[in-house]
Amino acid sequence: MALTTISSWKSFGGNLSVYDHVSPLLGCPMRFAVYTPPQAADGPVPVLWYLSGLTCSWANVMEKSGLQRAAAKYGVMVIAPDTSPRGEGVADDDAYDLGQGAGFYLTATELPWSTHYRMDQYITDELPALVGEHVPGADMGRQGIFGHSMGGHGAIMLHLKHPDRYRTCSAFSPITSPARVPWGQKAFEAYLGPVSIAWEQYDSTELVKERQSKATILVDTGTADSFLERELKPEIFIDACERSGQRLEYRMREGYGHDYYFIATFMDDHIEHHALALMD
């Protein structure tokens, strides 16, 4: 596999680059972005994976969150993959919460989705191998993961499955109990079929009951989030963490919503959370 550079900009002494590549795993072209901090010129730096939410791409977090300032300050690389396979011939749906832009970071087993939708494998296997080979300055021995909404689901779920790889984890407004809320139920039924044990393998609330990490998971959610009661239901995950002994810092932020104004407000906190732990 080879990378094609689409764009590159200087930012806070580092560089934000956007790459295309053909994914044999997903069977389509893919695009992702990398912010490389200035410290990478002197040696490898920790890598943070940011997983975006429904309808998003690499661009949302790189253009709206202001992460480059904190990433440059602490010397961490931030990589933003796409949220699903895309393009002609890739299964899609007219609704915003299914299909292209809504991959839910899982491997689909139901047609037509199973042909292309293998986003968990893409995030954990194919893309890291590509980054390790072609992106200078990435220390693949020091990785963390975070995300927003559907991407928060993906970040916590993948952290719990791979705690030695993703040593740190945080999330903004995550869907932590997808098997219990409409967004997750719709996606899981389409991608995985009727309710089964397969659903539990992608549900952070169920995973944390059986496997806990050594990390403290940091979560910020707004009290004015319009999806709070219907789609997020944080109390379910909080209770599961308390019962299982998983360390969790879950902060309810008064008056904030489900948007990038919220994310930008607390992005520096999250970068710091990861950077301090990964520097040890």
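Residues numbered from 1 in each chain as written. Predicted model: local features only at pLDDT ≥ 70, side-chain atom pairs only at ≥ 80, totals over all residues. Heavy atoms only, no water.

Outline the overall build of the protein, supporting the account with residue identities and numerical values.
From N to C terminus, the protein includes 10 helices and nine strands. Relative to the 2.2 N^0.38 estimate, which gives 19 Å for 280 residues, the radius of gyration of the protein is 17 Å and therefore close to what a compact globule would have. Going through the 280 residues of the protein one by one, you find that 59% of them count as buried. Considering only contacts within the protein whose residues lie at least 6 apart along the sequence, 72% involve residues at least 24 apart. Carbon together with sulfur atoms contributes 49% to the accessible area of the protein, which is approximately 11100 Å² in total. (Helix = DSSP H or I, 4+ residues; strand = E, 2+ residues; numbered from the N terminus. Rg over C-alpha atoms; globule rule 2.2 N^0.38 Å. Buried < 20%, exposed > 50% of the residue type's maximum accessible area, 1.4 Å probe, protein only. Contact = heavy atoms within 4.5 Å. Areas by Shrake-Rupley, 256 points an atom, 1.4 Å probe, with all protein chains shown as cover.)

Please give an account of the side chain of T107 that cites residues and values.
Relative to the helices and strands, T107 is located in the loop between β5 (77-80) and α3 (119-134). Among the residues examined, T107 registers a relative accessible area of 16% and is labelled buried. Within the local environment of T107, its side chain forms a polar contact with the side chain of D120, the two groups lying 2.5 Å apart. There is a polar contact of 2.9 Å between the side chain of T107 and the side chain of Q121. In this view, T107 contacts Y117, R118, D120, Q121, L192 and Y202; residues no more than four positions away in its chain are not counted. (Polar contact = N/O pair within 3.5 Å; in protein donor to acceptor, adjacent residues only side chain to side chain.)

How would you explain the nonpolar core if you had to name every residue and give the values?
Note that soluble globular proteins tend to have their nonpolar side chains buried in a common cluster. The biggest cluster of nonpolar side chains holds 62 residues, and the ones touching the most others in it are F32, F104 and Y191. Residues in contact with Y191, not counting those within four places in the same chain, are L98, G99, A102, G103, F104, L106, A108, T109, E110, W113 and Y117. In this structure, F262, M267, A275 and L278 belong to the second largest nonpolar core, which totals 28 residues. (Core = buried A, V, L, I, M, F, W, Y, C linked by side-chain atoms within 4.5 Å.)

Mind laying out the pattern of salt bridges, listing which residues take part and the relevant values?
Applying the stated criterion across every chain yields a total of 16 salt bridges. For R251, the salt bridge identified is with D269, shortest N-O distance 3.5 Å. Here R251, found in strand β9 (residues 248-253), pairs with D269, found in helix α10 (residues 260-278); they are 18 residues apart in sequence, far enough to count as distant. With a relative accessible area of 31%, D269 lands in the partly exposed category. Counted as one network, the salt bridges with shared partners bring together D220, E249, R251, R253 and D269. (Salt bridge = Lys/Arg side-chain N within 4 Å of Asp/Glu carboxyl O.)

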